[in-house]
Amino acid sequence: MVAEFRGPPPHDLGTAELATAHVIEDNVEVTLHLLDDWHRPMGPIVRVQMTADVARALAERLITAAAQAEAPK
């Protein structure tokens, strides 16, 4: 696996243009398709597996963050 890190930690892998989640055995796998600065046909794909508890906590935080991002400024 090759990862391109940009900026200081936490490392910025870019902006996701698509995100999916699937069950793999007893874990949840989240797949992020990232935008590609070099305009390659397919951008990098990042996959992360986590327990159901971590996935549930992440989902709750994502809902809160999305609401804050959409709030009028």
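Details of the structure are given in the entry above.
For the structure given in this document, a descriptive report is provided here. Predicted model, so just to flag it, every value in this text is computed and none were measured. (Residues numbered from 1 in each chain as written. Predicted model: local features only at pLDDT ≥ 70, side-chain atom pairs only at ≥ 80, totals over all residues. Heavy atoms only, no water.)

Moving on to the sheet that holds strand β1 (residues 16-24). Taken in spatial order, the 3 strands line up as β1-β2-β3 in an open sheet, and their pairing is antiparallel. Across the chains shown, the open sheet's two edge strands, defined by having one partner strand only, are β1 and β3 (45-50). Across the sheet, the axes of successive neighbouring strands diverge by a mean angle of 20 degrees, strand direction being ignored. Note that strand β2 (residues 27-34) and β3 share 6 bridges and pair antiparallel. Paired with Leu-32 across the bridge in β3 is Val-46. On top of the sheet, helix α1 (residues 52-70) reaches β2 and β3; it is set at about 120 degrees to β3, its chief contact. (Pairing = 2+ DSSP bridges. Helix = DSSP H or I, 4+ residues; strand = E, 2+ residues; numbered from the N terminus. Axes fitted to C-alpha atoms, helices over the stretch in contact; angles between N-to-C directions. Contact = heavy atoms within 4.5 Å.)

This part takes up the environment of Ala-55. Among the secondary structure elements, Ala-55 is positioned in helix α1. Here the alpha-carbon distance between Ala-55 and Asn-27, two residues 28 residues apart in the chain, equals 8.7 Å. What Ala-55 contacts, discounting residues up to four positions off in sequence, is Val-28 and Met-50.

Next up on the list: the pattern of salt bridges. Under the criterion given, the structure shown has 2 salt bridges. A salt bridge links Glu-29 to Arg-47; its shortest N-O distance comes to 4.0 Å. In this pair, Glu-29 sits in strand β2 while Arg-47 sits in strand β3, placing the two residues 18 residues apart along the sequence. Note on Glu-29: relative accessible area 13%, which makes it buried. Residue Arg-56 is joined to Asp-53 by a salt bridge in which the shortest nitrogen-to-oxygen separation is 3.4 Å. Taken together, the residues span about one helical turn, with Arg-56 and Asp-53 both in helix α1 at a distance of 3 residues. (Salt bridge = Lys/Arg side-chain N within 4 Å of Asp/Glu carboxyl O. Buried < 20%, exposed > 50% of the residue type's maximum accessible area, 1.4 Å probe, protein only.)

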